[in-house]
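# Observations on the three-dimensional arrangement
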Amino acid sequence: MFEKILIANRGEIALRIHRACREMGIDTVAVHSTADADAMHVRLADESVCIGPPPGKDSYLNIPALLSAAAITGVDAIHPGVGFLSENANFADMVQEHGFVFIGPEPEHISLMGDKVAAKQAAESLGLPVVPGSHGAVTTDKEAAEIAERIGYPVLIKAAAGGGGRGMKVARTQGELLESLRLAKAEAKAAFGYDVVYLEKYLGQPRHIEVQILADAHGNVVHLGERDCSLQRRHQKLLEEAPSPALNADQRAKIGALVSKSISKLGYRSAGTIEFLYENGEFYFIEMNTRLQVEHPISEAITGVDIVREQIRIAAGIPLSMAQSDIVPQGHAIECRINAENPETFMPSPGTVTDYHAPGGLGVRVDSGLYAGYRVPPYYDSLIAKLIVQGQTRNECLMRLRRALEEFVIEGVHTTIPLHQRLIAENDFINGNYDIHWLEHYMSREDEI
Ligand code: MV4
C-alpha cells in the first residue's frame, strides 16, 4: 500500500480524500494556492505545499507545480479529486511518466470517455442502450437532414468535445436544422477548438440517473446502485438522491447488471460513473465520468462502501474488498449541495464565515472544510458544504433532512440552505415527481409570484 499520497485538489473533496488516507494509515500532502493557505484540508494534512497564486490555472491546474510538489515530498501516488485535472488524460499520463501512481483509470479510458462521439460508440458496442441518432460524427448538411428525418424531430446537436451540457442545440423542425448545425459547429470550434458534432433524438422530459461502479485491476467489477441527479439548474446539480424514486427493484437490478457487464468488457479500472437519461421506462447512455464524483457519498450511505478507500486500494493493485452479493443497498440517502451563493439569483457570495454550526445526529454526515472565521475565496467553485442524510425510508430521510437543514448555521455568506428548505417542502419533490427541467420551471414560477 502507498505510504504517502498527494491530494491535487482543494475544499471539501480534498478533505474527503484526506480522511480516507488517514483511516488507511497513509500520510497526506495537501497542495494549495496562496488563497487557500488557511483551508481545512491544508491544516489537517501531514504536509503541505503552496503551488501558486489564486487562479486555478496557476495553481490547481498547474501540472509542473503539482509534479514538483509530489517529487519534493516523495509521495507514491496522486489523487486528482473532482474537477480540475481529474479527467485530464495528459495529466494522468505525466503523473505515471514521473514515477507516481495516478489514482484513477488508465489515460486511454479517460481520453475515450472525454470524446463524446467515441464514448457513445464504445457504449453501444459494449451493449449499453444509447439515444437514437447519428452513429458518429455528422459531416454534411445532407447527412444531418437524412438522420433527423429518420429519427424524427426534435433533434439535439451535440459537440463531441462537449459534455456537461456545453455546446448543445435543439432543432425542432427541418427548417431549424441547418442553422442550428452551423451554430453548434461554430460554438464548438470557439469553445473547444474542435467542431465535430453529432445528432440525437431530443428527449423532452428525462431524468438524469447515473450508476456508480468500482472495477479493480483483476477483472472484478461491482456496481453500487444508482443516483438520481435530476434536480439541477444550468447543469449544476443541487440535490441528489439514492436510490432513484423513479425505479423499481427490477429495473435497478437490470441496469446495474448491464453496466457491470459493460465495464468488465471495457477493461476499465478505478471508480467510475455511467450517466443515463431515463424516460418512459427506458435508459439511454449519455456519458461516462472517469473520476470520483461530488455526489458519491449518497452511494456510500446506502451501501456502506467507502468509495475513496476502494479507489486508492484499486490503484495500489489490491482486489476489491467486496463482491456484488455483499452489496445490499439499505434505505435512502439525499445530498444537498450547499453553495456560497445567493439562493435566488445564484450569484456567488464569497466572504468570511462569521458563525458556523454543522448538524449531527443519526444518519447525518457533513463534508465541509468550513469553520467560523474561514474566508470563502472568490476564485473557485462555490460549493462549501455537502449535507448527506440517510434514513430507512425516503420519508424518514426527508424528515431528517428537514431537521438537519434547520440546525445548519452558516453566517456571513449567503448560502443555498433556504433554497433546499423550500425545495424539499414542494409536493413534486416529496412525491419524487421531477425531471431535469423541473427546477428551472419551479424557479421561473417563483419569479411570477
Ligand atoms: C440530452 C438531453 C435530451 N436529449 N440528450 C446535457 C448534458 C449532457 N451530459 C447531456 N445533456 C442532455 N442530453 C438528448 N438526446 C438533455 C440533456 C440535458 C441534461 C442532461 C442531464 C442533466 C441535466 C441536463 C440539463 C439539460 C439538458
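Just so you know, these numbers come straight off a predicted model, no measurement behind them.

## A few points about the side chain of E210
- Along the chain, E210 turns up in strand β9 (residues 207–215).
- Of the residues examined, E210 reaches a relative accessible area of 0% and is grouped as buried.
- Only 3.5 Å separates the side chain of E210 from the side chain of K237, close enough to count as a polar contact.
- Ignoring anything within four residues of it in the chain, the contact list for E210 reads G225, E226, R227, C229, K237, T273, I274, E275, Q293 and E295.

## Focus: the domain arrangement of the protein
- Per the domain assignment, the segments of the protein are domain 1 (4–103), domain 2 (132–201) and domain 3 (207–448).
- Measuring from the centre of the C-alpha atoms in domain 1 to the corresponding centre in domain 2 gives 38 Å.

## Side note on the pairing of strand β11 (residues 236–242)
- By the criterion of burial, β11 is predominantly enclosed, with six of the seven residues buried.
- Bridge analysis of strand β10 (residues 221–233) against β11 gives four bridges, and the strand direction is antiparallel. Residue pairing across strands places R233 opposite Q236, the latter belonging to β11.
- Taken together, β10 and the strand that follows it, β11, pair antiparallel across an intervening segment of two residues, in which R234 is found at a positive phi of about 50°.
- Bridging between β11 and strand β14 (residues 332–339) involves four bridges; their strand directions are antiparallel.

## Re the site of the ligand
- The ligand sits among 17 residues. The nearest are K158, E200, K201, L203 and E287.
- Taking E200, its side chain carries an N or O atom lying 2.9 Å from a nitrogen atom of the ligand.
- In isolation the ligand has 520 Å² of accessible area, and contact with the protein removes 93% of it.
- Mapped by element, the contributors of at least two residues to the shell around the ligand are β6 (155–163), β8 (197–201) and β13 (282–289).
- Of the residues assigned to the shell around the ligand, the class counts are eight nonpolar, five polar and four charged.
- Two domains share the shell around the ligand, each providing at least three of its residues, namely domain 2 (132–201) and domain 3 (207–448).

## Observations regarding the environment of L266
- By the element assignment, L266 lies in helix α9 (residues 249–266).
- C-alpha of L266 to C-alpha of E179: the two residues are 87 residues apart in sequence and 37 Å apart in space.

## As for the packing of helix α4 (residues 89–97) against helix α5 (residues 107–114)
- Across the interface, α4 lies against α5 with an axial gap of 8 Å and an inter-helix angle of 175°. As the angle between them shows, α4 and α5 are arranged roughly antiparallel. On α5, the residues touching A89, A92, D93 and Q96 of α4 are P107, I110 and S111.
- Residues belonging to the contact of α4 with α5 are distributed by class as follows: four nonpolar, two polar and one charged.

Rules used in this analysis
- Position labels on residues start from 1 in each chain and follow its written sequence.
- It should be noted that, the model being predicted, local features are given only for residues of pLDDT at least 70 and side-chain atom pairs only at 80 or more, the latter also being counted only at that level, while totals for whole chains, interfaces and linings use all residues.
- Only heavy atoms go into the side-chain values, all of them from the structure, while hydrogens and water stay out.
- Secondary structure elements are taken from DSSP: a helix is a run of H or I of four residues or more, a strand is a run of E of two residues or more, and numbering for both begins at the N terminus.
- Throughout this description, buried means an accessible area under 20% of the type-specific maximum (1.4 Å probe, protein chains only), exposed means over 50%, and partly exposed covers the range between.
- In the analysis that follows, any N or O atom pair within 3.5 Å is treated as a polar contact, provided that within protein one partner can donate a hydrogen and the other can accept it, and provided that, for residues neighboring in sequence, both atoms belong to side chains.
- By definition, residues are in contact when any of their heavy atoms lie within 4.5 Å.
- Residue ranges labeled as domains rest on an automatic or database domain assignment.
- What makes two strands pair is DSSP finding at least two bridges between them.
- Residue proximity to a molecule or strand is established when one non-hydrogen atom of the residue lies within 4 Å of it.
- All accessible-area figures derive from a Shrake-Rupley calculation using a 1.4 Å probe, and residue coverage is judged against the displayed protein chains alone.
- Following the grouping adopted for this structure description, the nonpolar residues are Ala, Val, Leu, Ile, Met, Phe, Trp, Tyr, Cys and Pro, the charged ones are Asp, Glu, Lys and Arg, and the polar ones are all others, Gly among them.
- Angles run from 0 to 180 degrees between N-to-C directions of axes, and those axes are lines fitted to C-alpha atoms, restricted for helices to the stretch in contact.
- These descriptions rest on fixed angle ranges, namely under 35 degrees for roughly parallel, over 145 for roughly antiparallel, 65 to 115 for roughly perpendicular, and the rest for oblique.

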